[in-house]
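# Topology and contacts: notes
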Amino acid sequence: MRARRANRVLRLADERLGYASVARKTMAKIFPDHWSFMLGEIALYSFMFLVATGIYLVLFFDPSSHLTTYDGSYAPMHGKEVSSAYASTVSISFDVRAGLLVRQAHHWAAHIFVGAIVLHLCRIFFTGMFRKPRELNWTVGVTLLILAIFNGFAGYSLPDDLLSGTGLHIFFSIAEGTPFIGDWLAFLVFGGNFPGDVIIERLYALHILIVPALIAILITVHMAVLIRQKHSHFSGPGRSDANVVGSRMWPSYAIRSLSLMFFVSAVCVLLGGFAQINPIWVWGDFSSPQITAPSVADWYVGWIEGALRLFPPMEPHLLGFTIPNQFWAGVLLPLVTFAALYLWPWIDRRLTHDYGTHHLTGRPRESPGRVAIGVAALTFYGVCLVAMSEETLVQWTHAPVADIRNTLRVVVIVLPFVTGFIAHRIARALRDSGAGGLLLLSKADWRRAREVRRAGKAPPIPPSEPPTEEESPEAPAPGEPLDEEGRPLTESPAWVHPGGRIPE
Amino acid sequence: MSRAPAPRPVVLCFGLGTLCAMGFAAAYVLDLSTPVLGAVLGGSLTLIALALAVWSHRIDQEEPDYVEERAIGPTSSEQFEHFRQALTESPVPRSGFLWGMFGLSVTTLGAALLFPLRSLLPSMSEVPDEVLSESAFSQGRRLMTEELQPVKPDDLEVGGYLTVFPDGSDPRQDVGATLLIRVSPDQLQLPADRTNWAVDGVVAYSKLCTHAGCPVGLYADQPAQLLCPCHHSVFNVLDGAKPMQGPASHPLPQLPLALDGDGNLVANGPFSGPVGAAWWGYRA
């Protein structure tokens, strides 16, 4: 009975939209089964979670720098003159029922969002899947990373508390450090000298409307290109550049992915319920006479903060201009970082002379040089993050801050070379020995790898040209199920799901 | 008609997830604490996720791997040529030139539309470079505490410090935030042209770090040093707040002090330089 009613609704809609054959094709879309392909989905679902919780918070937050007298239920602040932004954030935390849960879950989700994007980017980088034809989607992804970081920073700044106010002052100073137009840039953004009285309102418009809209649009583009090009997949029996092997969207992958969506939301909500984050009523409102505590930023901007601490003091005057100290770590480093990310597919192509089209996901070991560069870069940013937490190092080691800083100044330059070199050697040993994985790499494997290299029989780099028809004669037909060896299963009809083929 | 039963764990998880969801509603009504709300809501989401995970795992056990052909690639050159011709054919002559004119007008329009961005800085007469170089203090202006009280040198003990603002200014606009520090006068080693800038061992420096503008809020008395909590720059209070450590590259601007008729501390001139971080047009 129920089935018949559902059937009628589907039929009614099809009479008007004629969607059935398109939907049928979509349902047969193939998703590769490797876990690493789900990192991007975690980013997608945490974004959806951010939008949902964000809409709730918008209903209670007052984005205004205007002063108001706090009269909520947090007794230590009674009668205090604070900005409406700060007062309403404290209200969300204490007076809106379930408000603190939503606020904290929102903040945690922001960490997961940026973190998942970074991990997803690492997956794409180390497996070489930014190569042709996916350069365009790589640049879309890098833009999404920048927007995610910016929106995280904007959201962090909205409560107008002591920490975020200090963060905004650093942001103002970094803007001032922009070559030649820095003073104008900073004044235009803040509507005058710091702090001005418009920055909360402006960041609010960016945080809840403009940047999320851009992110949503770019996610759509990211998905559209993905659907057009289809997923890449790891090599294996029956797998080639000319096909995708995995699970069908319906009935298997959709449910798996839906499960991931609920898991991501669950993690955000559980963190929001149990793990306190950004207790702004402890920091106090933004007023400069009070700041004494060490300030730290959220990790996704923390690498800039750490680099600001490590860069040595110098402020040369050249041709009538001063090069402000904060220019190097605050302006140049992010610019170089993101420029390098944007251009990486083209830099990599120059370095490897690999101009071919790739749909088979390479294992990281296939390009030890790329592994070395990736690991070195991650080490560099990791040391910058450690520099952001100098205070913790001081507490642990009881060494003077100056010694720790000087040590880190050396480490941040030297360690990337060391880790990059080690990563290169490990990747090369894995490649030449054919060992199963990093943890399975034995002494014998190192020996074998060395012998293979000495004999000059290192396996050739996989062909950069897509295999021609002759090279993969066994490429199965579309929609065909495979057995474990990757042979088509058409002969054993028991395995064939009746709806498994794409209609011609 | 006999049907195979639904997988037990899936049914169980969905059922418990439903109960937890009801638990969240109840916890909300009872105004229970944030961890309880998080536990029941997070529990519900976790259980639903688990149910879906087990369900999809059951499906995967039944399903083989499927293969889909990747039909994407460059268009054949013949078809591409058709596309190019369709794109460029035009019944009106010199369409290339017309498109060029279109590009020119739209580019100019785009550039013209950048001008209203200037309105982001509401004051049309404000020049950032001048505002940044301006001093919040001038000759004779009193130094006031946050509670709007004037300060006498003896309000500070040797080793004490205090944040003050120019009389009549809004403490939230922190360009005027100034640190008063009292040291014993014989320890001071101010530059030769600043020997009369201190009053009874009280010196005044801008509170904004010259590295990235953070308030330099930590003072250590022995030796007399100021530490910025953001990037750990250290300034020597005795010799004109020259940077000793960390990334800061120029001294905190110093404020010359004097006493007015009532014995209150007043500025005896502007700051020795622009406060806060440097910019490209910065002149010491």
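Owing to the predicted nature of the structure, the values given are computational and were not obtained by experimental measurement.

### Points about the overall build of chain A
Summing up its helical and strand segments, chain A has 17 helices and nine strands in all. Residues counted as buried form 43% of the 504 residues belonging to chain A. Contacts spanning at least 24 positions in sequence make up 72% of the contacts within chain A whose residues lie at least 6 apart.

### Digging into the sheet that holds strand S9 (residues 242-245) of chain B
Residues and elements named next belong to chain B. Spatial ordering of the open sheet is given by S6-S7-S8-S9, a layout of four strands whose pairing is antiparallel. Only two strands of the sheet have a single neighbouring strand rather than two, namely strand S6 (218-220) and S9. Going from strand to strand, the sheet's axes swing by 30 degrees on average, the running direction of each strand aside. In terms of strand pairing, strand S8 (residues 234-236) meets S9 through three bridges, oriented antiparallel. Within the sheet, the bridge partner assigned to Asn236 lies in S9 and is Lys242.

### Thoughts on the pairing of strand S4 (residues 178-182) of chain B
All names here are of chain B. The buried fraction of S4 amounts to five of the five residues, a majority that puts the element mostly inside the structure. A two-sided burial pattern is seen for S4, the buried positions comprising Thr178, Leu180 and Arg182 on one face and Leu179 and Ile181 on the other. As paired elements, strand S3 (residues 161-166) and S4 share four bridges and run antiparallel to each other. By the bridge assignment for S4, Thr163 is matched with Leu179. As paired strands, S4 and strand S5 (residues 202-206) are joined by five bridges and run antiparallel to one another.

### Structural notes on the nonpolar core
In this structure, Ala109(A), Ile112(A), Phe113(A), Cys268(A), Cys384(A) and Leu257(B) are the most contacted members of the largest nonpolar core, which totals 175 residues. Looking at this core, the element that brings in the most residues is helix H5 (residues 99-126) of chain A, giving 16 residues. With sequence-adjacent residues up to four places away left out, Leu257(B) is seen in contact with Trp197(B), Ala198(B), Val199(B), Val202(B), Ala204(B), Leu265(B), Ala267(B) and Asn268(B). Formed by seven residues, the second largest nonpolar core is a distinct cluster that contains Ile30(A), Phe31(A), Tyr253(A) and Tyr66(B).

### Quick look at the interface of chain B and chain A
Each side of the interface is counted separately: chain B has 72 residues, and chain A has 85 residues. At the level of secondary structure, the elements contributing two or more residues to the side of chain B that touches chain A comprise helix H2 (34-62), strand S1 (65-69), helix H5 (128-133) and S9 of chain B. When its residues are assigned to classes, the side of chain B that touches chain A shows 40 nonpolar, 19 polar and 13 charged. Relative to S1(B), strand S5 (residues 243-248) of chain A runs antiparallel, the two being bridged by four bridges. Paired with Val244(A) across the strands is Glu68(B), a residue of S1(B).

### Points about helix H12 (residues 299-310) of chain A
Residue and element names in this part refer to chain A. With twelve residues, H12 should reach 16 Å at 1.5 Å per residue; the first-to-last C-alpha distance of 16 Å fits that figure. In terms of burial, H12 is a largely internal element, ten of the twelve residues being buried. Those residues of H12 that sit buried are Tyr300, Val301, Trp303, Ile304, Glu305, Gly306, Ala307, Leu308, Arg309 and Leu310. Of the surrounding secondary structure, the elements contacted by the buried residues of H12 are H5, helix H6 (135-157), helix H13 (325-352), helix H14 (368-388), helix H15 (390-397) and helix H16 (401-433).

### Re the confidence of the model for chain A
Residue and element names in this part refer to chain A. Per-residue pLDDT for chain A has a mean of 89; in total, 89% of the residues score no lower than 70. Of the regions scoring below 50 in pLDDT, residues 463-478 engages in 25 contacts with residues more than four places distant in sequence or in other chains. Counted against residues more than four places away or in other chains, residues 489-504, with its pLDDT under 50, gives 23 contacts.

### Description of the confidence of the model for chain B
Residue and element names in this part refer to chain B. The pLDDT averaged across chain B works out to 93; a share of 99% of its residues lies at or above 70. For chain B, the element scoring lowest by mean pLDDT is S6, at 88; helix H1 (residues 8-29) scores highest, at 97. Scored by ipTM, the complex comes to 0.94, with pTM at 0.92.

### Digging into the sheet that holds strand S2 (residues 143-144) of chain B
Consider a sheet: its strands pair through backbone hydrogen bonds, and that pairing is either parallel or antiparallel. Strand order in this open sheet of five strands is S2-S3-S4-S5-S10 (chain B), and the pairing throughout is antiparallel. What marks the edges here is a single partner per strand, and that holds for S2 and strand S10 (254-255) of chain B.

### Overview of unusual backbone geometry
For the peptide bond that leads from Phe194(A) to Pro195(A), omega is -5 degrees, which places it in the cis range. Relative to the assigned elements, Pro195(A) resides in the loop between helix H8 (182-190) and helix H9 (199-229). If you check the backbone angles, Lys230(A) has positive phi at about 65 degrees while not being a glycine. Examined against the element boundaries, Lys230(A) turns out to sit in the loop between H9 and strand S4 (233-234). A positive phi angle, near 55 degrees, is found at Ala241(B), a position not held by glycine.

### Points about the environment of Leu45(B)
With respect to the secondary-structure elements, Leu45(B) resides in helix H2. With 103 residues separating them along the chain, Leu45(B) and Leu148(B) place their C-alpha atoms 54 Å apart. If near-sequence neighbours (up to four positions away) are discounted, Leu45(B) is found in contact with Phe262(A), Ser265(A), Ala266(A) and Val269(A).

Rules behind the numbers
- Per-chain numbering applies: the sequence of each chain, read as written, is numbered from 1 onward.
- Ligands are numbered from 1 and chains lettered from A, in the order in which they are written.
- Given that this is a predicted model, residues contribute local features only at a pLDDT of at least 70 and side-chain atom pairs are listed and counted only at 80 or more, while totals for whole chains, interfaces and linings are drawn from all residues.
- Helix numbers and strand numbers start at the N terminus; a helix is a DSSP run of H or I with at least 4 residues, a strand a run of E with at least 2.
- Three exposure classes are used, all based on how many other C-beta atoms lie within 10 Å of a residue's own C-beta (placed from the backbone): buried at 20 or more, exposed at 12 or fewer, and partly exposed between those limits.
- Here, residue contact means that the backbone-derived C-beta atoms of the two residues sit within 7 Å.
- DSSP calls a pair of strands paired once it identifies at least 2 bridges connecting them.
- Fitted lines through C-alpha atoms give the axes, limited to the stretch in contact for helices. The angle between two N-to-C directions lies from 0 to 180 degrees.
- The term nonpolar core refers to a set of buried Ala, Val, Leu, Ile, Met, Phe, Trp, Tyr and Cys residues connected through C-beta atoms within 7 Å.
- Here the nonpolar group is Ala, Val, Leu, Ile, Met, Phe, Trp, Tyr, Cys and Pro; Asp, Glu, Lys and Arg are the charged ones; every other residue, Gly included, is treated as polar.
- In this scheme, a helix's expected span is set at 1.5 Å multiplied by one less than its residue total.
- As a per-residue measure, pLDDT reflects the predictor's confidence and takes values from 0 up to 100.

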